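Below are the chains, spelled out letter by letter.
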Amino acid sequence: MNVQWYPGHMTKAKRMMEEDIRLVDLVIEILDARVPLSSRNPDIDRLGRQKARLILLNKADLAEERINSAWEEYFKEKGYYVVKVNAKNGAGVKVVHKVIAEACKEKIERDRKRGILNRPVRAMVVGIPNVGKSTFINTFAGKACTKTGNKPGVTKGKQWIRLNKSVELLDTPGILWPKFDDQEIGIRLAFIGSIKEEVLNITELAIKLIHYLQKNYQGVLKERYQADEEQEVGKVLEDIAKNRACLLKGGEYDIEKAAALLMDDFRNGRLGRITLEVPENIE
């Protein structure tokens, strides 16, 4: 299964970010806690290499907590500030103010020595499509500042948001990179909804997810759909279709509908806490 998606507006958005990076003190990179490495755009490291860096492991409630903690340590060892958050319900978001102050303390101290008081920290919020940037900003600000949606590409342009006298955020569109060198990255991003549905074969995608769950999360499909997980994958999809009454005219199973339902259940956490990537050396 070959997954690639890099629409033209992403090239424009990347150029805009390259111009705006000089205006900011801090880069806040939002990752999906289920796929922290795959949801990192390699261009961001190049863009933000001279800036203070904060990583937010968003949707932490959808991933296994012990693995979230392992990823937190992994990024901290590489020199990033890290906070686990659930932007939807606000868990962890209050801590972010304190961590921004810690990450930018040298800049704040430089300003103080120059007699510059109350100049806000300017932070660029970056991330690939559908990791929850806009939801985080709205929760962090305590008001609806940006459009949100459970699909990639809702934020099209940049916008500055003043949170208070100490922090200003620059929201940016979600951008991918032109080519996934490893197709497994593209598949993981398709799993979490960061790739436009129209370019995907949803049945193939569901089959790959079932394979992963059979290997790493036995019992999940049985509990949710009464599916016999020991069968070959196509039969598991049939069990899901049967359990959820996904039927075509004539009583045949609607496999595509069952596949879409499985993907939706996974993306929204209805299958439980599932992590798709694990750091090396974790017990």
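Residues numbered from 1 in each chain as written. Predicted model: local features only at pLDDT ≥ 70, side-chain atom pairs only at ≥ 80, totals over all residues. Heavy atoms only, no water.

Enquirer: Is there a simple way to think about the overall build of the protein in this case?
Expert: A tally of regular secondary structure across the protein gives 11 helices and six strands. Rg of the C-alpha trace for the protein: 20 Å, near the compact-globule value of 19 Å for 283 residues, within the 12% margin. When the backbone C-alpha atoms are referred to their principal axes, the protein occupies close to 75 × 40 × 35 Å. Within the protein, buried positions represent 50% of all 283 residues. The contacts in the protein between residues at least 6 apart in sequence include a share of 67% that link residues at least 24 apart. In the form shown here, the protein has an accessible surface area of approximately 14100 Å², with 47% of it arising from carbon and sulfur atoms. On the protein, the mean spot of the 49 positive side-chain charges and the mean spot of the 41 negative ones are 9 Å from each other. (Helix = DSSP H or I, 4+ residues; strand = E, 2+ residues; numbered from the N terminus. Rg over C-alpha atoms; globule rule 2.2 N^0.38 Å. Buried < 20%, exposed > 50% of the residue type's maximum accessible area, 1.4 Å probe, protein only. Contact = heavy atoms within 4.5 Å. Areas by Shrake-Rupley, 256 points an atom, 1.4 Å probe, with all protein chains shown as cover. Lys, Arg positive; Asp, Glu negative; His and termini not counted. Charge placed at Lys NZ, Arg CZ, Asp CG, Glu CD.)

Enquirer: Please explain the sheet that holds strand 3 (residues 81–84) as it appears in this structure.
Expert: As a general point, the strands of a sheet are linked pairwise by backbone hydrogen bonds and lie either parallel or antiparallel. Across the sheet, six strands lie side by side as 3-2-1-4-6-5; this open sheet has mixed pairing. The open sheet terminates on both sides in strands that have one partner only, identified here as strand 3 and strand 5 (159–162). Neighbour-to-neighbour, the strand axes of the sheet open up by a mean angle of 25°, direction not taken into account. Relative to strand 2 (residues 52–58), strand 1 (residues 26–32) runs parallel, the two sharing seven bridges. Looking at the pairing, isoleucine 30 lines up with leucine 56 of strand 2. Along the sheet, helix 3 (residues 65–77) contacts strand 1, strand 2 and strand 3; its crossing angle with strand 3, the most-contacted strand, is approximately 165°. On the sheet, helix 6 (residues 133–141) packs against strand 1, strand 2, strand 4 (121–126), strand 5 and strand 6 (167–171) and is oriented at approximately 160° with respect to strand 6. (Pairing = 2+ DSSP bridges. Axes fitted to C-alpha atoms, helices over the stretch in contact; angles between N-to-C directions.)

Enquirer: Just to check I follow, could you spell out the confidence of the model for the protein for this structure?
Expert: Any segment with low pLDDT has predicted coordinates that should not be analysed in fine detail. Residue-level pLDDT values for the protein average 89, and 90% of them are 70 or greater. The secondary structure element of the protein with the lowest average pLDDT is strand 5, at 82, and the one with the highest is strand 3, at 98. In the model, residues 147–156 has pLDDT below 50 throughout and makes 27 contacts with residues more than four positions away in sequence or in other chains. (pLDDT = per-residue confidence, 0-100.)

Enquirer: Could you clarify how one ought to interpret the pattern of salt bridges in this entry?
Expert: Pairing between side chains becomes possible if they bear opposite charge and their charged atoms approach one another. In total, this model carries 24 salt bridges according to the counting rule given. The partner of lysine 84 in a salt bridge is glutamate 72, with the nearest N and O atoms 3.6 Å apart. Of this pair, lysine 84 sits in strand 3 while glutamate 72 sits in helix 3, and the two are 12 residues apart along the sequence. Note that glutamate 102 and lysine 105 form a salt bridge whose closest N and O atoms lie 2.9 Å from each other. Assessed through its relative accessible area of 44%, lysine 105 is described here as partly exposed. One connected set of salt bridges, linked through shared partners, spans Glu65, Glu72, Lys76, Lys84 and Arg273. (Salt bridge = Lys/Arg side-chain N within 4 Å of Asp/Glu carboxyl O.)

Enquirer: Please clarify how the side chain of aspartate 43 should be interpreted in this entry.
Expert: Mapped onto the elements of the fold, aspartate 43 is located in helix 2 (residues 42–47). Beyond its immediate stretch of four places on either side in the chain, aspartate 43 contacts Lys14 and Trp177.

Enquirer: Which parts of the structure should I look at to understand the environment of arginine 244?
Expert: By the secondary structure assignment, arginine 244 is in the loop between helix 10 (233–243) and helix 11 (255–267). Separated by 71 residues in sequence, arginine 244 and proline 173 have C-alpha atoms that sit 36 Å apart. Beyond its immediate chain neighbours, meaning those up to four positions away, arginine 244 contacts Arg224, Tyr225 and Leu261.

Enquirer: Explain helix 3 to me, please; I cannot follow it from the model alone.
Expert: In an α-helix, one turn spans 3.6 residues; hence positions three or four apart end up facing the same way. Between the first and last C-alpha of helix 3 there are 19 Å, a value that for 13 residues agrees with the 18 Å anticipated at 1.5 Å per step. Those residues of helix 3 lying buried are Ile67, Asn68, Trp71, Glu72 and Phe75. Considered in projection along helix 3, the buried side chains sweep an arc of 150° and stay on one side of the axis. Looking at the packing, one finds that the buried side of helix 3 touches strand 1, strand 2 and strand 3. Trailing helix 3 by a residue or two, glycine 79 shows a phi angle of about 100°, which is positive. (Expected span 1.5 Å × (residues − 1). Arc of directions from axis to C-beta.)

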